[in-house]
Amino acid sequence: MSVIAIIDESERAELATNGTWLSRSILHDLRNPLAAIYAAAEVLVDLDLKPTEVKRLATNMYCAAGRMRNLLANFSRLASGNGSSAEICDIRDVILAASEAASAGIGNHGIEIVLDMPRKTDLPLMRSRLECVFINLITNAVEAMPSGGQIHIRTKTAGDYVLVEIEDTGPGIPPGIRDRLFEPFVTSGKRDGLGLGLALARQTVLDHGGDMWTESAAGARFVFRLPLKRQQRFGRTGDLSGHSPM
Ligand SMILES: Nc1ncnc2c1ncn2[C@@H]1O[C@H](COP(=O)(O)OP(=O)(O)OP(=O)(O)O)[C@@H](O)[C@H]1O
Ligand SMILES: [Mg+2]
């Protein structure tokens, strides 16, 4: 698998620190729900389906369109200088919604998502942004496993934090990009990868007062922690420089 640097270092730094990342992140995050709507509409047009199947596809379209609406509302708040609003959510609901949304966007790739979330865990979250974190991580795992595989998602509390682990049974992170994995515009082995999914995911976690990292495993293993109580820097959006403030 070859490493493709989409743009050079100086251009990347400039893109990451000016407003361009906002428009790129809109482009990035809208792709998944749009793919779900397109796929469902294509099946509805091409096939004669039973009423229950039509209802399922229509539900997928309705949910994906709702996510697009939330994302656009979120971005319009950010563009006008206001942060996203936080709400108390059980993280399991966010993960379930993201798993369903990601599944609707990718179709059947022989992927099994295994959830291990034993306890209800309420914490303050910018819900639609956190959902995108999970969708980005799940989508990456799916893209890394074209012949199918498993994605394990576990949650547990550790002190004042909830720890989330997402591990897949794919080939793991390509060695050539491991050091720069969370930097924007770093992508490898994809025809249309923007190299933004992980940078945006980690920035969202930082904006919640948490952090995200990788750990060694047979496949790829991402871990992040989120504070159970509201943090002071909550809701701010950082510069996507790829460097942790912690
Ligand atoms: N679960 C994974 N297994 C293997 N490689 C991964 C995994 N997740 C990410 N990667 C690698 O990290 C790179 C960066 O991921 P990132 O999501 O930031 O960008 P992308 O997927 O290439 O593009 P996009 O902006 O469309 O998401 C990917 O191109 C891929 O090579
Ligand atoms: Mg990605």
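Rules and cut-offs
Residues numbered from 1 in each chain as written. Chains lettered and ligands numbered in written order. Predicted model: local features only at pLDDT ≥ 70, side-chain atom pairs only at ≥ 80, totals over all residues. Near = placed C-beta within 6 Å. Nonpolar A, V, L, I, M, F, W, Y, C, P; charged D, E, K, R; others polar. Buried ≥ 20, exposed ≤ 12 C-beta atoms within 10 Å, placed from the backbone. Pairing = 2+ DSSP bridges. Helix = DSSP H or I, 4+ residues; strand = E, 2+ residues; numbered from the N terminus. Axes fitted to C-alpha atoms, helices over the stretch in contact; angles between N-to-C directions. pLDDT = per-residue confidence, 0-100. Contact = placed C-beta atoms within 7 Å.

**Q** Any chance you could explain the site of ligand 1 here in plain terms?
**A** What surrounds ligand 1 is a group of 25 residues, the closest being Asn 140, Thr 187, Gly 193, Leu 194 and Gly 197. Of the residues contributing to the shell around ligand 1, the split by class is 12 nonpolar, 11 polar and 2 charged.

**Q** What's the story with unusual backbone geometry in this structure? I'm lost.
**A** Trans is the prevailing form of peptide bonds, just as negative phi is the prevailing case for residues other than glycine. Despite not being glycine, Phe 185 shows a phi value in the positive range, around 65 degrees. Under the C-beta neighbour-count criterion, Phe 185 is labelled buried, with 22 such atoms within 10 Å.

**Q** Honestly, the sheet that holds strand E3 (residues 111-116) in this entry has me stumped. Any pointers?
**A** Strand pairing in a sheet is mediated by backbone hydrogen bonds. Such pairs are either parallel or antiparallel. Pairing within the open sheet is mixed, and its 5 strands lie in the order E3-E5-E6-E9-E8. This sheet does not close on itself; its edge strands, each paired only once, are E3 and strand E8 (211-214). On average, each strand axis in the sheet is inclined to that of its neighbour by 15 degrees, with strand direction left out of account. Where strand E5 (residues 149-158) meets strand E6 (residues 161-168), 8 bridges bridge the pair, whose relative direction is antiparallel.

**Q** Where do I start with helix H6 (residues 197-207) in this structure?
**A** In terms of burial, H6 is largely enclosed, as 11 of its 11 residues are buried. Within H6, the full set of buried residues consists of Gly 197, Leu 198, Ala 199, Leu 200, Ala 201, Arg 202, Gln 203, Thr 204, Val 205, Leu 206 and Asp 207. Where H6 terminates, the next one or two residues include Gly 209, which has phi positive at roughly 85 degrees.

**Q** What exactly am I supposed to notice about the confidence of the model for the protein chain here?
**A** Detailed reading of the predicted model is not advised wherever pLDDT is low. Looking at the protein chain, the pLDDT average stands at 83 and 82% of residues meet or exceed 70. When mean pLDDT is compared element by element in the protein chain, E8 scores highest at 98, while strand E1 (residues 3-5) scores lowest at 36. Confidence over residues 1-8 falls short of pLDDT 50; this stretch has 15 contacts with residues more than four positions distant or in other chains. Predicted confidence is poor over residues 238-246, with pLDDT under 50, and the contacts of this stretch with residues over four places away or in other chains come to 20 contacts.

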